[in-house]
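# Coordinate analysis (summary)
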Amino acid sequence: MKNRAYFQHPRRGTAILVAVMLLGMVLLLLTSALIGMSSYQTRDRTRYELYKDEFCAEEEAINRVYGHMQFRVKNSGTLFTKITSVLTSTECAPASTITLYNPVTALTSTFNISDFTLTKLTETTSAITYSIKVRAKKQQTNGLAVTPGVVLTEKVVFTRTSLCNFAIFYDNDMEIAPGANMTVAGKVHSNGNMYLGGGGANLDITGKTTAVGKIYGGRYSESGQGTSGTGSAVSIANASGNLTSMYRNDTTSAGWIDSLDSDWYSKAISTWGGQVQDAAFSVTSQDIEGLSDSDTSDNTNANHTIIDSSSSSSSAFVKQAGLIISSSVTSVNGTTASGTVSAVDATGKTVYLNYYTLNGVTYATNRATGSTVSTTVNGKTVSATVNSVVSTSAFYNAREGKTVASVNVDVGKIATAAAATQTDTYSSGSSTYGTVTGQYSVLPSNGIIYINNSTTVSSAEVGVRLTDAATLPVPTTVTGLSFVSDDPMYVQGDYNTTNATLSMVAGDAVTLLSNNWSDQSSSGYSKGTSSSTAYNAVFINGIVASANSKYSGGVENYFRLLENWDSKTLTFKGSILELFKSTTATSPWTANSGYYNAPKRSWTWDSALATDGPPGMPNVVSISRASWAVSN
């Protein structure tokens, strides 16, 4: 029975065998699929890692091209319109191979760099856009995941901006700590760090605020002024134009919203919508066009070249000037000084600074100031006294603790002297006459006057003083008149306030003297009392930077003063530009020093400067990286 029962189900064993075989095949297929998937994932992962490596390599290649472009533009001394001539594929090319170290794998890889192109896309008077393209391909030894490499294309934009477009521009660290409420209506930029607030008064900035370094709330540690003041007194306009405090004071935290914050980038974006940017936003240096370098933090003070009389740079004012006045003060006695003064035009031809008007005709002459010229008209003797656009004198600068041997330019007389239609070249009692052409005029056709002073008096400091300048004469060929010197500049009395035009005053330092100024000698010096005075110009001024617990004086003391301005108003309309550190007038600012008292400040940026600048106005050129794209 048992055997019979066994043979009644002969198919059962076959079914089990088939099931086992099918299961085995399924498992085999699954295993094969898993192995294939793993192999695919491995290849995919390898390709991804290769892509990342090649992307890093091409980014490094473009970084090098970008660096070459910056170097070429900064050190070629070229003008913006000639950037194209120095930005060539040959000059800016990256190396053909780049080696990178991977800190994760501790391996070094080499990449071939090819297909490099540098193409100019667009060019206007204010911007030039280039496209950089490179291909990076990793050198492989195992033959895995070989690709054609990765191509990166990036746009680079050079932007030219007139310096007077800024309300305040500092090439060095900028410090603002107003002792009285201050509103800055316009763009503010520093090629260094920026320190805002701490002066015990409200500071409002309505324009875009940028720094190549970092933006801090409070005082610079080297200023010796402590860190007093709260950010609630500092407000900057956001993207909607609403003033927003630089001080965080909520239920979770309190303190400055500045570069020291761990969340600075995102906080700056949410607070000001991109209107406040610093190094965290990759803000690039704004460098003076045509100079070989810019003094940001390297202490080279290279920008001083732009005002130096010995500069060979094509961007230097002495190379642009239509009239160059040279003076040498040889003796000083109290407030009087004597010396020689001469002038030449841009071609080196002599320009007479003295003049007289005789019988209705104005003559340019080399006769001595104060001398008399006579002629006979209808049997009667007609005489005239020789006047001069320039003079020499001396006065005491209590901040410097020195007597200033000054050459003075009487701006009010320039118009009269420029009206000369004849040249008087008297010699040995006889006279000859010739027509005064524009290039010989004391009022240069390009509106740029450069003055260089020197002295053989070892105890004195040289200076250039502008007087009688409420109304500026203007050439017919340009709009405005500019005065530049590599010496300290002094502006006495109202400047460019009647029929105001465009003007620039640039010097190693700029000191404003009021309408009530009176020259004094060091003997018996006493601080004079000012009167309210107004100045309308773009000023380029040097500073004595904060160091060793001595404060620069900040933007609020950008203009140097030598009088008691208590209750008097100093009205300023223009642009404040700091491009270098002073090399002649180097005594530091001192509070409560006895040589000045602060004025009431009525300062504003001249919005007309957004579209036009005075003669000789420098431009700055910045380079920025715009959009980029990746392809194979």
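Residues numbered from 1 in each chain as written. Predicted model: local features only at pLDDT ≥ 70, side-chain atom pairs only at ≥ 80, totals over all residues. Heavy atoms only, no water.

So, about the overall build of the protein chain. For the protein chain, the helix and strand inventory stands at 7 helices and 42 strands. Out of the 632 residues in the protein chain, the part that is buried amounts to 47%. Intrachain contacts of the protein chain at a sequence separation of at least 6 include 64% that bridge at least 24 residues. Looking at the protein chain as shown, the accessible area adds up to about 28,700 Å², and 50% of this sits on carbon and sulfur atoms. (Helix = DSSP H or I, 4+ residues; strand = E, 2+ residues; numbered from the N terminus. Buried < 20%, exposed > 50% of the residue type's maximum accessible area, 1.4 Å probe, protein only. Contact = heavy atoms within 4.5 Å. Areas by Shrake-Rupley, 256 points an atom, 1.4 Å probe, with all protein chains shown as cover.)

What follows covers the sheet that holds strand β7 (residues 182-184). Where strands meet in a sheet, backbone hydrogen bonds hold them as pairs that are either parallel or antiparallel. Spatially, β7-β10-β13-β14 is the arrangement adopted by the 4 strands of the open sheet, whose pairing is mixed. Both outer strands of the open sheet, β7 and β14 (243-245), are each paired with one neighbouring strand and no more. Neighbour to neighbour, the strand axes of the sheet diverge by 20° on average, direction disregarded. Along the sheet, helix α5 (residues 264-272) makes contact with β13 (234-237) and β14, crossing β14 at roughly 145°. (Pairing = 2+ DSSP bridges. Axes fitted to C-alpha atoms, helices over the stretch in contact; angles between N-to-C directions.)

With that settled, consider the pairing of β13. The two faces of the sheet receive side chains in turn, since in a regular strand these alternate between them. Because side chains alternate across β13, one face comprises the buried residues V234 and I236, and the other comprises S235 and A237, equally buried. Relative to β13, strand β10 (residues 203-205) runs parallel, the two sharing 3 bridges. Counted as the bridge partner of I205 is I236 from β13. As defined by bridge partners, β13 adjoins β14 across 3 bridges and the pair is classed as antiparallel. Note on β14: the bridge partner recorded for A237 is L243. Linkage of β13 to β14, two consecutive antiparallel strands, is achieved through a turn of 5 residues, within which G241 is found at a positive phi near 85°.

In this section: the sheet that holds strand β2 (residues 107-123). Taken in spatial order, the 6 strands make up an open sheet running β1-β2-β3-β4-β42-β18, and their pairing is antiparallel. Taken across any chain shown, the strands that pair with only one partner, and hence form the sheet edges, are β1 (97-102) and β18 (287-288). Sheet topology places strand β4 (residues 150-162) next to strand β42 (residues 619-631); 11 bridges connect them, and they run antiparallel. When the sheet's bridge partners are listed, E154 is paired in β42 with W628.

This brings us to the nonpolar core. Counting 108 residues, the largest nonpolar core has I168, L196, F483, Y495 and F539 as the members making the most contacts within it. Dropping the residues within four chain positions of it, I168 is found in contact with M174, I176, V184, K187, V188, H189, V555 and I576. Among the nonpolar cores identified, the runner-up in size contains 28 residues, and A57, I62, M69 and L152 belong to it. (Core = buried A, V, L, I, M, F, W, Y, C linked by side-chain atoms within 4.5 Å.)

Once that is clear, we can look at unusual backbone geometry. Its identity as a non-glycine residue notwithstanding, N548 has a phi of 50°, on the positive side. Among the secondary structure elements, N548 is positioned in the loop between β37 (533-543) and β38 (560-561). Residue N548 is classed as exposed on the basis of its relative accessible area, which comes to 66%. Here S567, not a glycine, exhibits a phi torsion of approximately 65°, which is positive. Tracing the backbone through its elements, the reader meets S567 in the loop between β39 (563-564) and β40 (569-581). Given the relative accessible area of 55%, S567 is considered exposed.

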